[in-house]
Amino acid sequence: QARPGRVSLREHDTLGLPMKLEKWALIAEIVGAVAVVISLVYVGAGIRQNTDAIMSANHQNLLSMDIEKNSWFRDGEFAEVYILALEDINRLSAPQLRQFRTYVSDQVNIWENVYVAHDNGLIERSIWKGYDQYYSNQIRLPAYLYIWDQYKDGWTGDFARHVESAIDDSAD
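Scoring rules and cut-offs
- Residues numbered from 1 in each chain as written.
- Predicted model: local features only at pLDDT ≥ 70, side-chain atom pairs only at ≥ 80, totals over all residues.
- Heavy atoms only, no water.
- Helix = DSSP H or I, 4+ residues; strand = E, 2+ residues; numbered from the N terminus.
- Expected span 1.5 Å × (residues − 1).
- Buried < 20%, exposed > 50% of the residue type's maximum accessible area, 1.4 Å probe, protein only.
- Arc of directions from axis to C-beta.
- Contact = heavy atoms within 4.5 Å.
- Polar contact = N/O pair within 3.5 Å; in protein donor to acceptor, adjacent residues only side chain to side chain.
- Salt bridge = Lys/Arg side-chain N within 4 Å of Asp/Glu carboxyl O.

A. Quick look at helix α2 (residues 76-88). Its 13 residues give α2 an end-to-end C-alpha distance of 18 Å, which sits within 8% of 18 Å, the value for a rise of 1.5 Å per residue. Of all the residues in α2, the buried ones are Phe 78, Val 81, Tyr 82, Leu 84 and Ala 85. One side of α2 carries all its buried residues, which in axial view fall inside an arc of 170°. The exposed residues of α2 that point more than 90 degrees off its buried face are Glu 80 and Glu 87. Lining the buried residues of α2 we find α3 (94-119), α4 (125-139) and α5 (142-151). Looking at where α2 begins, the residue whose side-chain oxygen comes 3.0 Å from the main-chain nitrogen of Glu 77 is Asp 75.

Here you go:
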């Protein structure tokens, strides 16, 4: 029996805390752990929604770039320049060559944009594959190769290596 002024050991846990306080501390720990898990689930859902929104915006941006690309061909004079370049780029006048070079550079910029978005996981794989196949085929055309060979150092190393790989694949 405990003397007056002293507390019985049965009323305390092994740390010397009253038993009721220990139970409340344990309950608080459990509630805290559950709250952390719920918070993580909420943050994960938010990140997923944000990623979906970014992927959708990137896809919309690519469609806008495609529309811009197609607008070049609404200009009858450029359409003739394009056809002439594909037939024999050496027949282009200096202004025509400049116009065609700008067009090809714009197209390679779109390809690089898609490459970077894919590399960062910001577009669907199927979209990447479609763009990559299209631009891989374009870059292999002699007129495109002519422009690429002159200006390939203007693009990032990883992307430039990817383009070179696409060109090399056509040699197989």
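B. Main features of the pattern of salt bridges. In total, this model carries four salt bridges according to the counting rule given. The salt bridge involving Arg 91 is made with Glu 87; its shortest N-O contact spans 4.0 Å. Across the pair, Glu 87 and Arg 91 agree in class, each one exposed. Between Lys 152 and Asp 149 there is a salt bridge; the shortest N-O distance is 3.9 Å. Its relative accessible area of 46% is what places Asp 149 among the partly exposed residues. The network of salt bridges with common partners includes Asp 149, Lys 152 and Glu 164.

Structural measurements only, silent on function.
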